Amino acid sequence: MTSSTATLVGLAAIVMWSLLAALTVATGRVPPFQLLAMTFAIGACIGPLTWLWRPSAIRALRQPLLVWLVGIGGLFGYHALYFLALRLAPPAEAGLLNYLWPLLIVLLSSLLPGERLAPHHIVGALLGFAGTILLFTGNTGSSPDPAHIPGFIAAFIAAFVWAGYSVMSRKLAAVPTDAVAGFCLATALLATVGHLVLETTVWPETMTQWLAIVALGIGPVGIAFFVWDIGMKRGDIRVLGAASYATPVLSTAFLIMAGFAKPTATLAIAAALIAGGGLIAAKDMIVKRSP
């Protein structure tokens, strides 16, 4: 597989993740941990289906403890917080706040050995922060509803969890993509335990909700992780990193088209600030340096 092909494969994950918020809201009132268990159980089957004609691929599950901690911590921790945020706060605002993760990936990556925090990183961070402040005050002209604050906090922490997982994954490039299936299965098992201990089971009430859960498991919580892993390890990371800043805009657009959010000026400006801040912070990924 060429680098260009792998990059195109990785871009598919960005489109699928843009549907994550809309599909999650469409699942109805299924509790977060239950939804996590159901969708990741489906996602865990994506990779093993190919093992039928690649039986040796199962060896990819033999990884050091650190790899398992990063994989499970990233997938389980992020999605538990994300699903919780969409249950406790308005989906458009919570989704945009969560989609600070592309910007955070740039900022955290700049702190790795051999990297530095440049002025455009700081400008991008300030624009992203301005966008998040607008989310809290723009729609009502006053402070946010206190009942939504736990959801906003969960979305904010989720952004840091996913950014940390992504940066750590870049340092574990030797880990085969097939290992993602193990991370998904472990996440499903942990979510099942969390559901049994903390929640009351609520099954989907309509066929639309069932289809949304299946779509989540196949796409944003399934195939997306595998194609993103391929793109990150074999494709152009700079192109993928820059393209990921389109996610908050696409996500909000899908929420509006699905009828889960209204096309307000506040959402448009906040999306522009967050996405624009991310693009500025990723200047080094987009503009080639002179030799």
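None of the values given here were measured: they were computed from a predicted structure.

Draft legend 1. A look at the packing of helix H5 (residues 91–98) against helix H8 (residues 149–170). One way to put it is that H5 packs onto H8 with a least axis distance of 7 Å and a crossing angle of 25 degrees. Relative to H8, the element H5 is oriented roughly parallel. Crossing hand, H5 versus H8: right-handed. Counting all contacts with H5, which are made through Glu-93, Ala-94, Leu-97 and Asn-98, the residues of H8 involved are Phe-152, Ala-155, Phe-156, Ala-158 and Ala-159. A class-by-class count of the residues in the contact of H5 with H8 yields seven nonpolar, one polar and one charged.

Draft legend 2. Focus on the side chain of Thr-187. Relative to the helices and strands, Thr-187 resides in helix H9 (residues 179–198). Of note is the side chain of Thr-187, whose polar atom sits 2.8 Å from the backbone oxygen of Phe-183.

Draft legend 3. Local environment of the packing of aromatic side chains. What the rule picks out here adds up to 15 aromatic pairs. Consider the rings of Tyr-82 and Phe-83, whose centres lie 6.3 Å apart with planes at 50 degrees: the pair is tilted. By relative accessible area, Tyr-82 is classed as buried at 0%. These aromatic residues form a ring-pair network of at least three members: Trp-17, Phe-40, Tyr-78, Tyr-82, Phe-83, Trp-101, Trp-162, Tyr-165, Phe-225 and Trp-228.

Draft legend 4. Up close: a nonpolar patch on the surface. A surface patch of nonpolar side chains, amounting to about 420 Å² of accessible area, comprises Ile-149, Ile-153, Phe-156, Ile-157 and Phe-160. Tracing the backbone through its elements, the reader meets Ile-157 in helix H8. Judged by relative accessible area, which is 40%, Ile-157 ranks as partly exposed.

Draft legend 5. Main features of the pattern of salt bridges. Within this structure, the stated rule accounts for one salt bridge. For Asp-178, the salt bridge identified is with Arg-54, shortest N-O distance 2.8 Å. Highlighted residues: Asp-178 in the loop between H8 and H9 and Arg-54 in the loop between helix H3 (32–43) and helix H4 (65–88), separated in sequence by 124 residues. For Asp-178, a relative accessible area of 15% puts it in the buried group. Overall, the relative accessible area of 32% leaves Arg-54 in the partly exposed class.

Criteria and cut-off values
- Counting restarts for each chain, with residues numbered from 1 along the sequence as it is written.
- Only residues with pLDDT of at least 70 get local features here, since the model is predicted, and only at 80 or more are side-chain atom pairs given and counted; chain-wide, interface and lining totals rely on the full set of residues.
- With hydrogens and water set aside, each side-chain value is computed from the structure's full complement of heavy atoms.
- Axis definition: a line fit to C-alpha positions, over the contact stretch in the case of helices; interaxial angles, taken between N-to-C directions, run 0 to 180 degrees.
- Helix numbering and strand numbering both begin at the N terminus, where a helix is a DSSP run of H or I of at least 4 residues and a strand a DSSP run of E of at least 2.
- Note on angle classes: values under 35 degrees are labelled roughly parallel, values over 145 roughly antiparallel, values of 65 to 115 roughly perpendicular, and the remainder oblique.
- By the definition used in this description, the sense in which the near helix is turned from the far one sets the handedness, with an anticlockwise turn below a right angle giving left-handed and a clockwise turn giving right-handed.
- Only heavy atoms enter the contact rule, under which two residues are in contact if any of them lie within 4.5 Å.
- Residues are grouped as follows: Ala, Val, Leu, Ile, Met, Phe, Trp, Tyr, Cys and Pro are nonpolar; Asp, Glu, Lys and Arg are charged; every other residue, Gly included, is polar.
- For this analysis, a polar contact is any N or O atom pair within 3.5 Å, provided that within protein one partner can donate a hydrogen and the other can accept it, and provided that sequence-adjacent residues contribute only side-chain to side-chain pairs.
- Pairing of aromatic side chains requires ring centres within 6.5 Å, counting the rings of Phe and Tyr and the six-membered ring of Trp. Pairs whose planes differ by under 30 degrees are stacked, by over 60 edge-to-face, and all others tilted.
- Three labels apply to residues, based on accessible area from a 1.4 Å probe with only protein chains included: buried if under 20% of the type maximum, exposed if over 50%, partly exposed otherwise in between.
- Note that patches include only residues with greater than 30% relative accessible area and no salt bridge, and the join distances are 9 Å for like charges and 5 Å for nonpolar side chains (Val, Leu, Ile, Met, Phe, Trp, Tyr).
- Per-residue accessibility takes into account occlusion by the displayed protein chains alone, with areas from the Shrake-Rupley method and a 1.4 Å probe.
- What makes a salt bridge here is a side-chain nitrogen of Lys or Arg within 4 Å of a carboxyl oxygen of Asp or Glu, nothing more.

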